Amino acid sequence: MSQLSRRRLLRAAGLTALAFGAGPGLAACAGSQVRTPRGGPPLSAPATGGASLNMRIWGAYPDFVGGAVKDFERTYGTKVDLGVIAGDYPSLMTNLLRQNTPLDMVYSLWHMPQAYYEAGWIRDFERFWAKEDAKREMVPAVREALTVNGSLIGLPYFAFVNGALFANTDVLRKANLEGDYPKTYDELYAQVRLIKKRGATDTPYLPSFWSAPWFGITFGFLQEALNRNIPLFGDGGLPVFDEQSAVVDMLRQWRDLYNEGLVPKGVLTFQESDWTETFAKGGVAYSPQLQYDLKTFADPATSQVAGKIVPVPQQGQHWGMLHVGAYLIGDHGQGDDVLAQSYRLAQHFGYRDQRTGEFDVPMAWAKNYYMTQGYTEVNNSPELAESVAKWLPDPETNLPVLRDYLTNPQAATSLFHTTWGPTWMNFASHELPKAVNGDEDAKTVVKNLRTKAESLIDVYGH
Amino acid sequence: MTVRRKVIIHLLALIAFVWSVAPLAWIVVISLMYHHEFGSAEIHLLPGQPTLANYVRLLGGTARNWDGSHLEPNAYGPLIREGLLNSAEVAVLVTVFSMLVAVPAAYALARVQMRFRQAGLLTVVATRAIPPVATTVPFFTLYQALNLAGTKTGLVIAHLTITVPLLVWIGTSFFGGLPPGLERIAQVDGCSRWQAFWRIVVPASRPAMTAMAVIAFLTSWDEFTFALIFNTGTSAQTFPAALSSMFFQVSVPTEVASATVLGLIPPLVVAAIFQRYIRKVNLVGL
Amino acid sequence: MSTVTEPIAPARPPKARGAASARIPFSSRLSPTRFGFLLVAPVLLLLLAIVVYPVAYSLYLSFVHTNPLTGRQDFVGLKNFQSVFTDPAFWHSAWLTIYYVACVTVLAAAVSLGMALLLRERFIGRPVLMAVIVLPWSLSTYAAGVVWRYVFSPQYGLLAGIFEKLGLSPVDFLSQNTVLPSLAIVHAWQFAPLGAYFLLASLQVIPEDLYKLGKVDGMGILRRFTSITMPYVRLPLTIFLVLVGGQAATAFDLIYFLTSGGPGGASQTLTYDIYQQTFQDQSFGTGAATSWVLLVVLTAVTAGYYAMAMSSSRREKKVS
């Protein structure tokens, strides 16, 4: 054996030597990425089709997107290769863009593009022919969300409030609290305790505690802090919270909710589907949910709570924060002609279609799935109102409540417009649950969150 | 054997059976439920109203819901079907190439009196210690440069880096177990060294090679990390990546269950058919 | 064929060179080493072409700092390793990994040995059980993750359903204190069949007479197990456990599908930590450094294992 291990050692040494020699050389060519210089004259819409575009999405209603892509291909004669990215979308997308994969149009949430744009992985929309019109028609908060360093970097895929508070009227009736909606988080937490005490249900509150790498618990944290007016990040994304901050107390309240069994079991390892599934099962009084799931909840074929889910009105305090999805265009050194075709694809999906001049795809998203859009005209359209009425009990009362959510939402702009935000949010998604289940003290968690932000600022610059 | 002992043994056998089968049976049960039933406040251990609707819709058909309402084909159906086909194609190619490459190498490392034999064997098996997660980033960079990212060819090659060392190790112990002097007899009969391998040793190890092929197939069919990182979102995406795009989204558990079951059928069938060969494999290398 | 066998080299063929060399086929004209190399060459080529570069590049990455945005790389020496070793998160993950490996090996040992002992007996339906226990093994780890998510879920899981029928309240199997043992159950469920087959082969060579003698000597069932059965299965069991342990140390798919490292960091073993550093944190330097720490430890263990397997098989052959 000794002879063998000597050989093994020699080989390992050889491998190491090879690595030092070959590594940098190969890395040099792998790392050199040619990015397109910014600026240039505005482009005009291409007269003909052509090019073959790569489009990547996450798996929300791939059949609908596929249909819209087919329409586009038929109308303009441009081929589009549509692909659905699996699972941990932001990480996989970041990897693809970093590695210079030729991607022409991709989905993204609005906290990602700051890094993408500064790294030079995406093109902007400054040369898009309808830029000014699109910007003018956008909801102001959405326009701001999609403007990075003064440039428009994408068109909106959706815009709604993440964590709009939904109530199950059935449970509230059982607890004799119908119509008695909480106005603040403190009132909410007091009420869920009361509901449990009155025996209406065991687990009255389903919070956004799940720790998927993209939103889940981190978004839950950011939006509750925003709604409670606890400052977390200042100008330029500098952290302004510490162990004395009121978020410590907020996390302690989370811990209590978990400890007292007011939230469903296993909530920390939920996935998005568990989250909606559990609410649809009944037995939960309040839950911050994704607005578009209203449709799921209203369908008696899939939900036990059909006709019982209503949005809780905002009375002074906001519920939730702005959530924007975007269409971005990858930078893979494409020429103006391909860029123009990509603009047109983005326009087809994220603005008025070039040929019809109408909000075709955005309107379809809005009225088929209640995926509200970045454009006021779509969100206030009678068609949308008509569809939503199918998914809401008592639409006269509840539709205005939903509209109110999107009128002037709070937004985590100071964090979302940093390059390191997504990384910090990943960290937080693993750190925050520890405060909830008591693995770590709330103070320690808050301290770690601040330290992480500071060390990331060191690495990323700002 | 006393009666008591007999009873205990049968009881234990029953427990072993339930332990092995119950989790699989449960996902099948879920896949046969309407979402309405699955989502009811009480958990149903058996479907009250069993249905194949989830499968039909995944395969592109329409179905009736529990209340008679119409159900459209599953939106993930095309992804899942394409994934299954890609997985089959990749797994078959990987099996063929792994066998072509690994069998002669294993034979040489086991039976040809050559220098550096153990060193060679160790080099091959040492690569098995590398966790795929650790090499995906550089691997992906390399693939990007070679235009292999997002292709089935690329995935086949990536899988070969896993299956080949595995098969070499298994094969080595197989061939080593054959009676010594087999080749000498063959050579006395006028076979060349190659013929001794090809005409005598290979046929004599047919069960072993069946097992190796099965293992190569299963390993490739089941591989997730490379499939996810290299091919996600492309038309070369295999089943595991397709399933994960369904699993991690706002998805309906009954539909995820039926997709999972579809992906389980090929390995389960292969394993069940060939289990007597698998049983004989020298499992040390796995 | 069920035990480790030392590859046996055939005797050198009679002098191949010399007279009538023209009629000697090509493969027989080569020296054994050359012939062997020819057969091994494709494997070595594949490994050189595909495996060496990523491994070498990841080693390189561990010595540079890569800017996550600009891609700029600066040589930093051992700084990445230093920050790995001084990061409590690394030690936390290392500890979790060890704990996970321990859970998996204990469970896998119990289940596989139990199954092997059972399968040695005669009972109705034995062939069926023999075939059925292979099923979990044929599943991929990610599929096992999906399957067991539906078993564990407190909302709609199989276990929650059974508890409900028994009038008990559901249990959160994936809570911070139970998540690793729960994952280990899945791991053992999946890989124990392999061990069962492997151990069964060793059990079947134990002469029945030994047990009869033991009974005559007044040995209890436990004594018979420890002094007759154990010596035969100790080595194969160790081999199997080292393998399963190695697999547990690099488990990724299962954790990704079942818990994504959670709740919090409670199932963030080293492999998951590497994934997170590399893909989520874009911290390529420390990710690569962690990979190398894991790789070195694993290689040492695997090498030790192969050394053990080889020397023990040599010993075994001497015995037989």
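Remember, it's a predicted structure, so these values are computed and weren't measured experimentally.

Colleague: Got a minute to help me understand the overall build of chain C in this structure?
Modeller: Counting its regular elements, chain C contains 14 helices and 2 strands. By residue count, 51% of the 320 residues in chain C fall in the buried class.

Colleague: How do you make sense of the overall build of chain B when you look at a structure like this?
Modeller: Check the secondary structure of chain B and you find 13 helices and 2 strands. Considered along the principal axes of its C-alpha atoms, chain B spans approximately 75 × 70 × 35 Å. Within chain B, the proportion of its 286 residues that are buried is 60%. A separation of at least 24 residues holds for 72% of the contacts in chain B among residues at least 6 apart in sequence.

Colleague: What is the right way to look at the interface of chain C and chain B in this model?
Modeller: Facing 82 residues of chain C, the contacting portion of chain B comprises 89 residues. The biggest single contributor to the side of chain C that touches chain B is helix α2 (residues 32-61) of chain C, with 18 residues. Its residues assigned to classes, the side of chain C that touches chain B comprises 60 nonpolar, 17 polar and 5 charged.

Colleague: Before we go on, may I ask you to explain the pairing of strand β2 (residues 79-85) of chain A in this structure?
Modeller: The side chains of a regular strand alternate, residue by residue, between the two faces of the sheet. Residues and elements named next belong to chain A. Of the pairings in the sheet, the one linking strand β1 (residues 52-58) to β2 comprises 7 bridges and is parallel in character. Each residue of the ladder has a partner; that of Ser 52, found in β2, is Lys 79. Handedness of the crossover is the feature at issue here: the chain leaves β1, passes through helix α2 (residues 62-76), returns alongside β2, and the resulting connection is right-handed.

Colleague: It is not clear to me how the interface of chain A and chain B should be interpreted in this structure. Could you clarify?
Modeller: Many analyses report the size of an interface as the accessible area lost when the parts associate. Listed as interface residues are 34 residues of chain A and, on the opposing side, 35 residues of chain B. Every element with two or more residues in the side of chain A that touches chain B is listed here: α1 (2-31), β1, α2, β2 and α11 (272-280) of chain A. Considering only residue class, the side of chain A that touches chain B consists of 12 nonpolar, 14 polar and 8 charged.

Colleague: How should I be thinking about the confidence of the model for chain C in this particular structure?
Modeller: Note that predicted coordinates carrying low pLDDT should not be read in detail. Residues and elements named next belong to chain C. Looking at chain C as a whole, the pLDDT averages 84, with 89% of positions reaching at least 70. Confidence drops under a pLDDT of 50 for residues 1-21, and excluding neighbours within four residues, the segment shows 50 contacts in the predicted structure. Reported confidence for the predicted complex is 0.88 by ipTM and 0.89 by pTM.

Colleague: Would you mind showing me how to read the pairing of strand β3 (residues 105-109) of chain A here?
Modeller: Residues and elements named next belong to chain A. Of all 5 residues in β3, 5 are buried, a share of seventy percent or more. Covered by surrounding structure in β3 are Met 105, Tyr 107 and Leu 109 together with Val 106 and Ser 108, the residues of both alternating faces. Strand direction decides the pairing type here: β1 and β3, joined by 2 bridges, are parallel. For Arg 56, the partnering residue across the bridge sits in β3 and is Val 106. Here 4 bridges tie β3 to strand β10 (residues 321-330), and the two strands are oriented antiparallel to one another. Looking at β10, one finds that Leu 109 is bridged to Gly 325.

Colleague: Where do I start with the nonpolar core in this structure?
Modeller: Note on soluble globular proteins: their nonpolar side chains tend to be buried together. Residues Ala 105, Ala 106, Leu 167 and Val 168 of chain B are the most contacted members of the largest nonpolar core, which totals 344 residues. Among all residues touching Ala 105 of chain B, those that are not within four sequence positions of it are Val 168 of chain B together with Leu 39, Val 40, Pro 42 and Val 43 of chain C.

Colleague: It is not clear to me how helix α1 (residues 3-31) of chain B should be interpreted in this structure. Could you clarify?
Modeller: Residues spaced three or four apart along an α-helix face the same direction, because each turn holds 3.6 residues. All names here are of chain B. Look at α1: 41 Å from first C-alpha to last across 29 residues, which is about the 42 Å you get at 1.5 Å a residue. Where α1 bends most, the angle comes to about 45 degrees, and this point is Val 21, followed within four residues by the proline Pro 23. Those residues of α1 not exposed but buried are Ala 13, Ala 16, Ser 20, Pro 23, Leu 24, Trp 26, Ile 27, Val 29, Ile 30 and Ser 31.

Colleague: Just checking my understanding: could you explain unusual backbone geometry for this structure?
Modeller: With the exception of glycine, the majority of residues adopt a negative phi angle, and the majority of peptide bonds are in the trans configuration. In this structure, Pro 263 of chain C follows Gly 262 of chain C across a cis peptide bond, with omega equal to 0 degrees. In this structure, Pro 263 of chain C sits in the loop between α12 (253-258) and α13 (270-280). A positive phi angle, near 50 degrees, is found at Tyr 370 of chain A, a position not held by glycine. Along the chain, Tyr 370 of chain A falls in the loop between α14 (360-369) and α15 (376-379).

Colleague: Is there a simple way to think about the environment of Thr 232 of chain B in this case?
Modeller: Position of Thr 232 of chain B among the secondary structure elements: in the loop between α11 (225-231) and α12 (239-247). When the C-alpha positions of Thr 232 of chain B and Gly 150 of chain B are compared, they lie 7.3 Å apart, and in sequence the two are 82 residues distant.

Colleague: So what exactly am I meant to see when it comes to the packing of helix α4 (residues 77-111) of chain B against helix α7 (residues 152-177) of chain B here?
Modeller: When two helices pack together, you describe them by how their axes are tilted relative to each other and by the distance separating the axes. Residue and element names in this part refer to chain B. Running from N to C, α4 and α7 cross one another at 35 degrees; their axes reach a closest spacing of 6 Å. Judged by the sense of rotation from one axis to the other, the crossing of α4 with α7 is right-handed. Broken down by class, the residue content of the contact of α4 with α7 amounts to 19 nonpolar, 7 polar and 3 charged.

Colleague: I would appreciate a short explanation of the environment of Met 209 of chain B in the present structure.
Modeller: Mapped onto the fold, Met 209 of chain B is located in helix α10 (residues 206-222). Along the backbone, Met 209 of chain B and Leu 100 of chain B are 109 residues apart, and their C-alpha atoms lie at a distance of 11 Å.

Colleague: Quick question: what am I supposed to make of the environment of Val 338 of chain A here?
Modeller: Within the fold, Val 338 of chain A resides in helix α13 (residues 336-350). Note on Val 338 of chain A: 20 C-beta atoms within 10 Å, which makes it buried.

Colleague: What is the right way to read helix α6 (residues 132-146) of chain B from this model?
Modeller: All names here are of chain B. The largest bend along α6 measures about 35 degrees and falls at Pro 138. Judged by how many residues are buried, α6 sits mostly within the fold: 12 of 15 residues are covered. Regarding α6, the residues found buried are Pro 132, Val 133, Ala 134, Thr 135, Thr 136, Val 137, Pro 138, Phe 139, Phe 140, Thr 141, Leu 142 and Tyr 143. Residue Asn 147 follows α6 closely and has a positive phi angle near 60 degrees.

Colleague: Explain the packing of helix α4 (residues 88-120) of chain C against helix α9 (residues 179-203) of chain C here, please?
Modeller: All names here are of chain C. Interhelical geometry of α4 versus α9 gives an angle of 40 degrees and a closest axis separation of 6 Å. With respect to their mutual orientation, α4 and α9 come out oblique. In the packing of α4 onto α9, the handedness of the crossing is right-handed. In terms of residue class, the contact of α4 with α9 is built from 25 nonpolar, 3 polar and 1 charged.

The rules behind each value
Residues numbered from 1 in each chain as written. Chains lettered and ligands numbered in written order. Predicted model: local features only at pLDDT ≥ 70, side-chain atom pairs only at ≥ 80, totals over all residues. Helix = DSSP H or I, 4+ residues; strand = E, 2+ residues; numbered from the N terminus. Buried ≥ 20, exposed ≤ 12 C-beta atoms within 10 Å, placed from the backbone. Contact = placed C-beta atoms within 7 Å. Nonpolar A, V, L, I, M, F, W, Y, C, P; charged D, E, K, R; others polar. Pairing = 2+ DSSP bridges. Right-handed = clockwise from strand over helix to strand, strands pointing away. pLDDT = per-residue confidence, 0-100. Core = buried A, V, L, I, M, F, W, Y, C linked by C-beta atoms within 7 Å. Expected span 1.5 Å × (residues − 1). Bend = angle between axes of the 7 residues up to and from the residue. Axes fitted to C-alpha atoms, helices over the stretch in contact; angles between N-to-C directions. Left-handed = near helix turned anticlockwise from the far one by under 90°. Parallel < 35°, antiparallel > 145°, perpendicular 65-115°, else oblique.

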